[in-house]
Amino acid sequence: MLKPADVVVIGSGGLGAATAFYLAKRNAGAVVLVDRHEIGSQTSPRAAGMVSCMRKGELMTRLIKVAAAAIPRFTEETGQPLDCVHSGSLKVARRTQDVEVIEADIARGRRLGLDVEQITLDEAHRLNPFFETEGVAAVMRVGDDMYFDPAQVAVGFARGAAARGVTLLPGTAVTSVRIASGRVEAVETDKGTIATPVVVDAAGAWTRQVAAASGIYIPLAPTMQQLIVTETIPGVRPDLPMVRIMDAAVYVRPCHGGFLCGVYEEEPTFFDMDDLSPGFRIADLKLDAEILWRAAEDVKAQLPILLKAKVREHRGGLRRGTRLNLVERENRARGSCPRLSVGGGKK
Ligand SMILES: Cc1cc2nc3c(=O)[nH]c(=O)nc-3n(C[C@H](O)[C@H](O)[C@H](O)COP(=O)(O)OP(=O)(O)OC[C@H]3O[C@@H](n4cnc5c(N)ncnc54)[C@H](O)[C@@H]3O)c2cc1C
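K.L.:
Which residues make up the overall build of the protein chain, and what are the values?
P.N.:
Each helix and strand in the protein chain was counted, giving 10 helices and 18 strands. A principal-axis box enclosing the C-alpha atoms of the protein chain has dimensions of 65 × 45 × 40 Å. In the protein chain, which comprises 347 residues, the proportion classed as buried is 51%. Split by element, the accessible area of the protein chain, about 16800 Å² in all, is 53% carbon and sulfur. Placing the 44 positive and 41 negative side-chain charges of the protein chain at their respective mean positions leaves the two points 5 Å apart.

Structure, rendered in structure tokens:
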């Protein structure tokens, strides 16, 4: 039996570590942050670290605004370093329908107090000389956007949490959450039981498995996403605005004197974590560089540098997503597995 806790947070990625930190900051009592691997070591440090303030919905745009305002305060709040650059970004439309999206974004962004404007193609090239305007129909500048080093976030929050009294338990796998009469009683781990009335499932790609082991159904199926970082390129400054080519879903930002480039695939690979070994870690993911080369080829008229630069790093991770056929298969299979109710107990 391990020491009892007021709250157990499962998973020390960006979400879990931040949750533990803010619980400690708000004096939530004894908080334990558990991870089966090293602290902050799975998907979170492999992200691009880009903060995009202009979202499709108003609620998300408002939420991102709050999060973006907190990022510059990270070091003051946690006592940990965070390299963050307020570079702004260029959202690039090559198709007529995307020009309409940009026009609507500008109207909505202004209403919500964002620094957004349509700029000329020449101005866009002047702001980021690695961006060429051939084939481009319109460009929106988003002044609020920024990027940070993703490797510093989860670890920084976890260290900040520990400094405020949170117990960190790396190398500790949660096997189930014990629930009786609709109330959480304890978290079972491979190192023993932690008695607790409150649990937070922040297990990233494994969120569904952690919940299912406790009889709760969460319809999540992670998708793979990957990126490259180039070697240093003369002339690349950290404050060059990030570039997003809308129809290609390709993004680029400065990174350690070169560029970081990734793509949101239209048909991403979905993972069922149950098919992977229990010891699977994100570093074991089989990446597919071809996807990135196809994306770079697609945008070569706008970002020709991507096909010329040497690659320094190729990395990827699993982000949470939903896949209808997996969800349907589970719906059929889950039988008595209940959905999570608002109160956190079983229905
Ligand atoms: C290539 C790429 C680029 C991205 N770029 C961006 C971006 O620019 N901007 C953005 O906002 N987002 C981006 N994302 C998404 C972002 O990385 C994720 O949304 C975020 O990192 C998820 O954090 P997490 O804490 O949920 O998961 P993770 O970081 O994976 O943490 C989950 C933790 O739970 C632990 N765990 C799992 N099961 C158990 C168990 N049974 N017991 C104990 N511990 C367990 C794991 O070991 C892991 O450490 C990107 C993702 C990828 C892959």
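K.L.:
I'd like a rundown of helix α8 (residues 289-298), residues and numbers included.
P.N.:
Within α8 the residues assigned to the buried category are Ile291, Leu292, Ala295 and Ala296. Down the axis of α8, the smallest arc covering the buried residues is 135°, so these residues share one side. For α8, the secondary structure elements touched by its buried residues are β14 (223-230), β16 (250-255), β17 (258-263), α9 (305-308) and β18 (311-319).

K.L.:
Residues and numbers for the packing of aromatic side chains, please.
P.N.:
What describes a pair of aromatic rings is the distance from one ring centre to the other and the angle between the planes of the rings. Following the criterion strictly, the structure yields seven aromatic pairs and no others. Measuring from centroid to centroid gives 4.8 Å for Phe74 and Phe157, while their planes differ by 75°, and the two rings are edge-to-face. A residue pair is termed long-range when its members are at least 10 positions apart, and Phe74 in helix α3 (residues 74-78) and Phe157 in helix α6 (residues 153-163) qualify at 83 residues. Its relative accessible area of 4% is what places Phe74 among the buried residues. Look at Tyr251 and Tyr264: their rings are 5.3 Å apart centre to centre, the planes differ by 50°, and that puts the pair in the tilted class.

K.L.:
Give me the pairing of strand β5 (residues 89-93): which residues, what numbers.
P.N.:
Within β5, five of the five residues are buried, leaving the element largely enclosed by the surrounding structure. Side chains of β5 alternate between two faces, with Ser89, Lys91 and Ala93 and Leu90 and Val92 buried alike. For β5 and strand β7 (residues 138-142), the ladder comprises five bridges, and the chain directions are antiparallel. Within the sheet, the bridge partner assigned to Ser89 lies in β7 and is Val142. Where β5 meets strand β15 (residues 242-245), four bridges bridge the pair, whose relative direction is parallel. Of the residues in β15, the one forming a bridge with Leu90 is Val243.

K.L.:
Help me get a handle on unusual backbone geometry, residues and values and all.
P.N.:
Its identity as a non-glycine residue notwithstanding, Asn27 has a phi of 55°, on the positive side. Turning to its location among the elements, Asn27 is positioned in the loop between α1 (14-25) and β2 (31-34). For Asn27, a relative accessible area of 71% gives the class exposed. With a phi close to 50°, His256 is a non-glycine residue in the positive phi region.

K.L.:
I'd like a description of the side chain of Asp145, backed by residues and values.
P.N.:
Locating Asp145 in the fold gives a position in the loop between β7 and β8 (146-148). At 3.4 Å, the side chain of Asp145 and the side chain of Arg244 are in polar contact.

K.L.:
Could you give an account of the sheet that holds strand β13 (residues 199-201), with specific residues and numbers?
P.N.:
Read across the sheet, four strands follow the order β9-β2-β1-β13 without closing on themselves; strand pairing throughout is parallel. Where the open sheet ends on each side, the last strands, each with one partner, are β9 (167-169) and β13. In this sheet, neighbouring strand axes are inclined to one another by 15° on average, regardless of whether the strands run parallel or antiparallel. One ladder, built from four bridges, connects strand β1 (residues 7-10) with β2; its direction is parallel. Counterpart to Val8 in the pairing with β2 is Val32.

K.L.:
I'd like a description of the sheet that holds strand β12 (residues 192-195), backed by residues and values.
P.N.:
Spatially, β10-β11-β12 is the arrangement adopted by the three strands of the open sheet, whose pairing is antiparallel. The open sheet is flanked by β10 (174-180) and β12, the only strands paired with a single partner. Looking at each pair of strands side by side, their axes are set apart by 25° on average, direction ignored.

K.L.:
Account for the site of the ligand, with residues named and values stated.
P.N.:
Taken together, 33 residues lie near the ligand, and Asp35, Ser44, Ala48, Met50 and Val174 sit nearest. Within the contact set of the ligand, an oxygen atom lies 3.3 Å away from a backbone nitrogen or oxygen of Gly14. Within the contact set of the ligand, an oxygen atom lies 2.9 Å away from a backbone nitrogen or oxygen of Met50. If the ligand stood free it would expose 1000 Å²; the protein chains cover 89% of that surface. Secondary-structure elements contributing two or more residues to the shell around the ligand are α1, β14 and β18. Broken down by element, the shell around the ligand gets its largest block of residues, three residues, from β14. Counted by class, the shell around the ligand contains 14 nonpolar, 14 polar and five charged residues.

Rules used throughout
- Residues numbered from 1 in each chain as written.
- Predicted model: local features only at pLDDT ≥ 70, side-chain atom pairs only at ≥ 80, totals over all residues.
- Heavy atoms only, no water.
- Helix = DSSP H or I, 4+ residues; strand = E, 2+ residues; numbered from the N terminus.
- Buried < 20%, exposed > 50% of the residue type's maximum accessible area, 1.4 Å probe, protein only.
- Areas by Shrake-Rupley, 256 points an atom, 1.4 Å probe, with all protein chains shown as cover.
- Lys, Arg positive; Asp, Glu negative; His and termini not counted.
- Charge placed at Lys NZ, Arg CZ, Asp CG, Glu CD.
- Arc of directions from axis to C-beta.
- Contact = heavy atoms within 4.5 Å.
- Phe/Tyr/Trp six-rings, centres within 6.5 Å; stacked < 30°, edge-to-face > 60°.
- Pairing = 2+ DSSP bridges.
- Polar contact = N/O pair within 3.5 Å; in protein donor to acceptor, adjacent residues only side chain to side chain.
- Axes fitted to C-alpha atoms, helices over the stretch in contact; angles between N-to-C directions.
- Near = heavy atom within 4 Å.
- Nonpolar A, V, L, I, M, F, W, Y, C, P; charged D, E, K, R; others polar.

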